[in-house]
Amino acid sequence: MRATYTAVEVSAPGTLRIVERPVSEPGGGQVRIRVEACGVCHTDATTVTGTYPGLKLPRVPGHEVVGRIEALGGGVSRWKIGQRVGVGFFGGEDGVCEPCRRGDIVNCQNPVTPGVTVDGGYAEIMIAEARGIASIPDELTSVEAAPLLCAGITTYNALRNAGLRGGDLVAVQGIGGLGHLGVQFARHMGFRTVAIGRGGDKEKLAKDLGAHVYIDTAVDDAAAVLQRMGGARAILATAPSGDAMGPLVSSLAVRGKLIVVAVPQDQIHLSAFPLVFGGRSIYGSLAGTAIETEDALAFSVLENIRPMIETVPLEQAADAYDRMMKGKARFRMVLVTKDGVSA
């Protein structure tokens with residue numbers, strides 16, 4: 001085995017560079033993963049720009065990582081050498097903060113976050129906490145599985161934890177990296193699914209993904225259309241636009257929920273009236289734990305849900321990141337290592 005491995009690190013804000021790093025052994029409770037694929041997520045921007053609170057550079061981004069275990073640290077018994085696993089945004093908890101002590105570990109106050117607090121998957125090798133990895137089903141390729149470790153679990157968990165019932169009217173705002181998966185999950189969970197996008201060219205895609213109805217915001221007022229349909233029990237907000245999210249509250253049914261999973265840079269402006277009169281609510285939902293990720297992967301296999309992806313070699317990570325940030329990806333960029341190509 002080579003004594004070094006190739007990685008793409010953020011050496012300074014806005015700068016991604018290819019480097020060679022020495023291979024290290026996993027510590028207690030850790031595993032070393034030979035990376036095959038790593039998704040490029042919009043959240044990576046907070047690492048690349050150096051704006052994530054407490055971030056220390058240099059740092060290797062990437063939290064949609066799939067590969068095979070090649071070394072086990074002390075005390076690791078559940079996992080085996082050669083096993084294919086994945087690591088998402090939630091890479092482990094501290095176990096001692098108040099949310100952890102109350103069983104809400106996904107909201108740990110001191111989490112292990114690949115690509116932020118530790119080096120992530122824009123690399124040929126990654127060290128991961130054994131408690132934060134998920135098993136990858138054989139039915140999914142590494143490239144297919146990678147986006148499901150963040151975009152997939154985020155939309156899946158947001159919908160399945162929303163207290164909805166089969167047949168409920170559920171809208172998905174945005175048909176992009178998150179939204180194209182949200183539409184698929186909503187349809188296969190048995191909801192009457194409405195996709196909200198801009199432009200008539202997206203209607204066929206929305207219908208192909210499973211939407212029963214497509215609302216083109218270039219032509220129609222989405223809130224008004226949803227109101228005429230009786231109001232949405234839930235709206236999954238996946239497009240990072242506060243201006244687009246705020247007006248949707250008025251299109252919710254009584255006790256309906258606007259679930260925010262994309263983080264816009266602009267403010268979300270709300271009217272309190274529909275919140276108070278009708279008991280409507282707005283809240284955020286963040287990814288999920290390793291075992292919940294396995295649930296999302298299993299459901300994706302069961303219902304044949306797959307991300308739409310473009311692949312590029314690891315060494316072209318900067319180009320892939322740029323394409324993602326400019327909104328040109330359709331819809332998830334995935335970096336593939338030499339091991340991923342040969343896998």
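The shown structure was predicted, so the numbers you read here are calculated from the model rather than taken from an experiment.

Draft legend 1. Structural view of the layout of surface pockets. By volume, the second largest pocket amounts to about 190 Å³. Lining the second largest pocket are 13 residues, with Val106, Asn157, Asn161, Ser285 and Leu286 positioned closest to its centre. Contributing elements (two or more residues each) for the lining of the second largest pocket: helix H3 (142-160) and strand E13 (281-284). Of the residues belonging to the lining of the second largest pocket, the class tally is 6 nonpolar, 6 polar and 1 charged.

Draft legend 2. Molecular detail of the environment of Arg255. Topologically, Arg255 is positioned in strand E12 (residues 252-260). A residue is classified by how much of its surface remains accessible, and Arg255, at 58% relative accessible area, is exposed. Separated by 98 residues in sequence, Arg255 and Asn157 place their C-alpha atoms 19 Å apart. With residues near it in sequence (within four places) discarded, Arg255 still touches Arg233, Gly278, Gly279 and Arg280.

Draft legend 3. Representation of the nonpolar core within the structure. The biggest cluster of nonpolar side chains holds 61 residues, and the ones touching the most others in it are Leu159, Phe185 and Ile235. The element best represented in this core is H3, accounting for 10 residues. The next biggest cluster of nonpolar side chains, apart from the first, holds 37 residues, and it includes Val35, Ile69, Ile133 and Met324.

Draft legend 4. Examining unusual backbone geometry more closely. In this structure, Pro58 follows Leu57 across a cis peptide bond, with omega equal to 0°. Along the polypeptide, Pro58 turns up in the loop between helix H1 (45-48) and strand E4 (65-72). A cis amide bond links Arg330 with the next residue in sequence, Phe331, at an omega value of -5°. By the secondary structure assignment, Phe331 is in the loop between helix H10 (317-325) and strand E15 (332-336).

Draft legend 5. Summary view of the side chain of Glu129. Here Glu129 shows up in strand E6 (residues 125-129). Glu129 gets classed as buried once you look at its relative accessible area, which sits at 16%. Side-chain polar atoms of Glu129 contact the side chain of Arg131, separated by 2.9 Å. In this view, Glu129 contacts Gly29, Gln30, Gly91 and Val112; residues no more than four positions away in its chain are not counted.

Rules and cut-offs
Every chain's residues receive numbers from 1 upward, in the order its sequence appears when written. Local features in this predicted model are restricted to residues whose pLDDT is 70 or higher, and side-chain atom pairs enter the listing and the counts only when it is 80 or higher, whereas totals over whole chains, interfaces and linings include all residues. Excluding hydrogens and water, the side-chain values take into account all heavy atoms of the structure. In this analysis a 1.4 Å probe is tested at points of a 1 Å grid over the protein atoms alone, and where it fits but cannot get out there is a cavity; an open set with protein on both sides within 12 Å along at least five of seven lines is a pocket; lining residues have an atom within 4 Å of a point. Grid points are joined across faces, edges and corners, and a volume is the space filled by probe spheres set on the points. Each helix is a run of DSSP H or I of at least 4 residues and each strand a run of E of at least 2, with the numbering of both proceeding from the N terminus. Only Asp, Glu, Lys and Arg are considered charged, only Ala, Val, Leu, Ile, Met, Phe, Trp, Tyr, Cys and Pro nonpolar, and every remaining residue, Gly among them, polar. Working definition: with a 1.4 Å probe on protein chains only, accessible area under 20% of the residue-type maximum means buried, over 50% means exposed, and in between means partly exposed. Should any heavy atoms of two residues lie within 4.5 Å, those residues are counted as being in contact. Buried residues of nine kinds, namely Ala, Val, Leu, Ile, Met, Phe, Trp, Tyr and Cys, make up a nonpolar core once their side-chain atoms join them within 4.5 Å. Under the rule applied, a polar contact is a pair of N or O atoms within 3.5 Å (in protein, one hydrogen donor and one hydrogen acceptor; residues adjacent in sequence only if both atoms are side-chain atoms).

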